[in-house]
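Letter by letter, the chains look like this.
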Amino acid sequence: MVEAIIEGFEKAFQLILSGDPEVLSISARSILISGTATLLAAAWSIPLGLLIGVRSFRGKRIVRSTFNALLGIPAVALGVILYLALSRSGPLGFFHMLYTPLGIALGQAILITPIAVSFITSAIESVDPEIHRLAKTLGASETEASFAVLRESTGGVALAITASFNRAVAELGVALMIGGNIRGSTRVLTTAIAMETGRGELALGIALAIILLFLVAVISVLMNVLGGRR
Amino acid sequence: MPSITPVYVSLGIWYISISHLLLAPLRLEKRLKESLDLKLVCSSICFRDKQLYTDSNGQESAEMHPETYRASHEVVHRRFMQGLTLVQGVLVLVLIAVAAMVGVIYLQSLSSSASRVVVSTTTSLYDTGLLEVVGAKFGQEQKIGVSFISAGTGLAIQYAQRGDSDVILVHSPSQELTFLQGGDGVNRKIIAYNFFMIVGPSDDPARVRGLSPLETLKKIKQAGEAGVALWASRGDDSGTHTKEKSLWKAAAIDVAKIREESWYVEAGAGMGKTLQLANEKQAYTLSDAGTYLKYARDGLISLEALVTQGRELLNVYSVIAANPSKHPDANFEDAMRFIEFLVSQEGQDLIESYGQEDYGQPLFYPAVRLLQDNTNPELLSWIRSYAYFDGSECPPQYRHQEGALYEEE
């Protein structure tokens, strides 16, 4: 059995190094879908995180703890809920988004929103409140002061976005239930790994797993370097 | 085009959040200027800068001198806005949003290109790779994309019942009949058959090699209760699982009872995973021929096919279209083209030739010709009694715009 694993790794590296079109297209699709999901989530999470982090308002603690509680939402559970909603007989069936790449992207965006919002809020709150006050003292408007805080917390925000992307690209539940693992359309790294291992294509499964690990590691390191520069 | 709507929804969410961020400060700032807090901070700066000014009554005031206020405004711009000014900040956020929209629109364009048929199918057909070959050939000729969702028969049927698939490709006549009776499907066609096999460890602890299927099950139960053998069940309501339950029943063994016993292991997984599980645990299991042959050839399992003969092991694959009168969103037209392709000479030849080279024998046998010409009466009678409803592969009440599909009967 050990030999089989070694052989699997050998074949896996061959697949990656020779630029196997199947492996490449699945990886590219994964990055594209999860990247879009991350951008979407960032687009609404940064302003939201800013609002929650900088402002004080009634029910702020409830909002914060809601997002914190949603941090660990199981992807499979969200997958089921979204599947029922997006199914042709479900309430959002008219979108025709089930089994489409866009469906996965939206599902993943929802999945990672709590992570993005929660981490961004923490990053902003960890900035010395004096900066916000000082900026205002010096005559900055509320918006300007907020952006001054945002600028101070760039590293934390970048980390939040990285963590979100990593969660999106590594999750299986939403991609499988909303995407359906359709070859050439919604087959992404995680669904392909699960399927190829299940149907005995070990080398392909290992190759895809290596790519997934590599992808997550490279992006994390890259963001650490960029974030640590300041 | 309703499918573009999510783009607008997310644009809307984006717009509301950003406009709130930009507008709310206007109100807040006004209030803050009046607040004591700000005045105190202001005055402390004024003290520090020794720029307290005396108002018209000759009294010292805690108010900031207008000039000082304006000067400090410039300081904040210098000190805090150099790296990321307000404009740049908003620009970055807008860029993120625009990039997200481009991604969404690109993904959208991927999803809605040309027409496609969604086929929910059993794992056994998909895992062997047959359907990818059939789908590619059909797509090439008809310019229709085929999307296969691989699940057990039970789940495949549920997908169609919810209206999420246009065609089902399954192998469980009893479940198919329920599906037709529920009005969810029309135009059933039997497309292929092969045989299930009972596979197990090569040392065969229950001594079943070469026995009849029902004898085999009884022996395995005895050996299981004696603690020398295990049985791995799919346990996922798939066609194979349904077959397994019917075999236990035919052998006069109560499945509900034995599934509580420790020698009966439920995998709750597809055929491939169940075979691997059986291999790890050295258990017996029921497998379709196609998946077993593929796994055995690839050296993934060391189980042997111990029992392969007997009419009880017949396995019949059928295709059914979703009923357009119950599921108006279903792509009925292309679904029918797919069914016609499967039963055509070309589709049947594809099924017959698949696996010949790799396995030395077909994984699936085409059924259409067999049902038409009476070349193998024995097998024909087996299929008729196992997979026909009221003497037909699809009784007339379950047909809909079937065209020439059943002309040969």
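This text goes with the structure placed above it.
A.B. asks: Quick question: what am I supposed to make of the overall build of chain B here?
C.D. replies: Each helix and strand counted, chain B has 18 helices and 10 strands in total. Within chain B, the fraction of its 409 residues that count as buried is 52%. For chain B, restricting intrachain contacts to residue pairs at least 6 apart in sequence, the fraction spanning at least 24 positions comes to 73%. Accessible surface computed for chain B: about 19000 Å², of which carbon and sulfur atoms make up 53%.

A.B. asks: Teacher, can you tell me more about the overall build of chain A here?
C.D. replies: The helix and strand inventory of chain A stands at 11 helices and 0 strands. Sequence-ordered secondary structure for chain A, helices as α and strands as β, is α-α-α-α-α-α-α-α-α-α-α. The dimensions of chain A, computed from C-alpha atoms along their principal axes, are 65 × 45 × 25 Å. For chain A, with 230 residues in total, the buried portion stands at 57%. Counted over contacts in chain A with a minimum sequence separation of 6, partners at least 24 positions apart contribute 74%. Here chain A has roughly 9500 Å² of accessible surface; of this, 70% comes from carbon and sulfur atoms. Separation of charge centres in chain A, based on 17 positive and 14 negative side chains, amounts to 11 Å.

A.B. asks: What is the right way to read the packing of helix α6 (residues 129-137) of chain A against helix α7 (residues 142-152) of chain A from this model?
C.D. replies: A pair of packed helices is captured by two measures, namely the crossing angle of their axes and the spacing between those axes. Residue and element names in this part refer to chain A. The interhelical angle for the contact between α6 and α7, taken along N-to-C directions, is 145°, at an axis separation of 9 Å. Relative to α7, α6 is oriented so that their crossing is right-handed. Only Glu142, Ala145, Ser146, Ala148, Val149 and Glu152 of α7 make contact with α6, whose side of the interface consists of Ile131, His132, Ala135 and Lys136.

A.B. asks: Quick question: what am I supposed to make of the nonpolar core here?
C.D. replies: The nonpolar side chains of a soluble globular protein tend to be buried, and buried together. By size, the foremost hydrophobic cluster in this structure holds 62 residues, and its most contacted members are Val119, Leu169, Ile191, Leu275, Tyr292, Phe338 and Phe364 of chain B. The element best represented in this core is helix α14 (residues 332-343) of chain B, accounting for 8 residues. Not counting the four nearest positions on each side in its chain, isoleucine 191 of chain B is found in contact with Leu169, Tyr317, Ser318, Val319, Leu342, Val343, Gln348, Ile351, Tyr365, Pro366, Ala367 and Val368 of chain B. Residues Leu40, Met97, Ala175 and Ile182 of chain A belong to the second largest nonpolar core, which totals 32 residues.

A.B. asks: So what exactly am I meant to see when it comes to the pattern of salt bridges here?
C.D. replies: Two side chains that carry opposite charge are able to pair once their charged atoms sit near each other. Residues and elements named next belong to chain B. The tally for this structure, following the rule as stated, stands at 24 salt bridges over all chains. Notably, a salt bridge pairs aspartate 236 with arginine 234, separated by 3.2 Å at the nearest N-O pair. Given a relative accessible area of 23%, aspartate 236 falls into the partly exposed group. By relative accessible area, which is 2% here, arginine 234 ends up buried. The closest approach of N and O atoms between aspartate 298 and lysine 294, which form a salt bridge, is 3.6 Å. Residue aspartate 298 is classed as partly exposed on the basis of its relative accessible area, which comes to 31%.

Calculation notes
Residues numbered from 1 in each chain as written. Chains lettered and ligands numbered in written order. Predicted model: local features only at pLDDT ≥ 70, side-chain atom pairs only at ≥ 80, totals over all residues. Heavy atoms only, no water. Helix = DSSP H or I, 4+ residues; strand = E, 2+ residues; numbered from the N terminus. Buried < 20%, exposed > 50% of the residue type's maximum accessible area, 1.4 Å probe, protein only. Contact = heavy atoms within 4.5 Å. Areas by Shrake-Rupley, 256 points an atom, 1.4 Å probe, with all protein chains shown as cover. Lys, Arg positive; Asp, Glu negative; His and termini not counted. Charge placed at Lys NZ, Arg CZ, Asp CG, Glu CD. Axes fitted to C-alpha atoms, helices over the stretch in contact; angles between N-to-C directions. Left-handed = near helix turned anticlockwise from the far one by under 90°. Core = buried A, V, L, I, M, F, W, Y, C linked by side-chain atoms within 4.5 Å. Salt bridge = Lys/Arg side-chain N within 4 Å of Asp/Glu carboxyl O.

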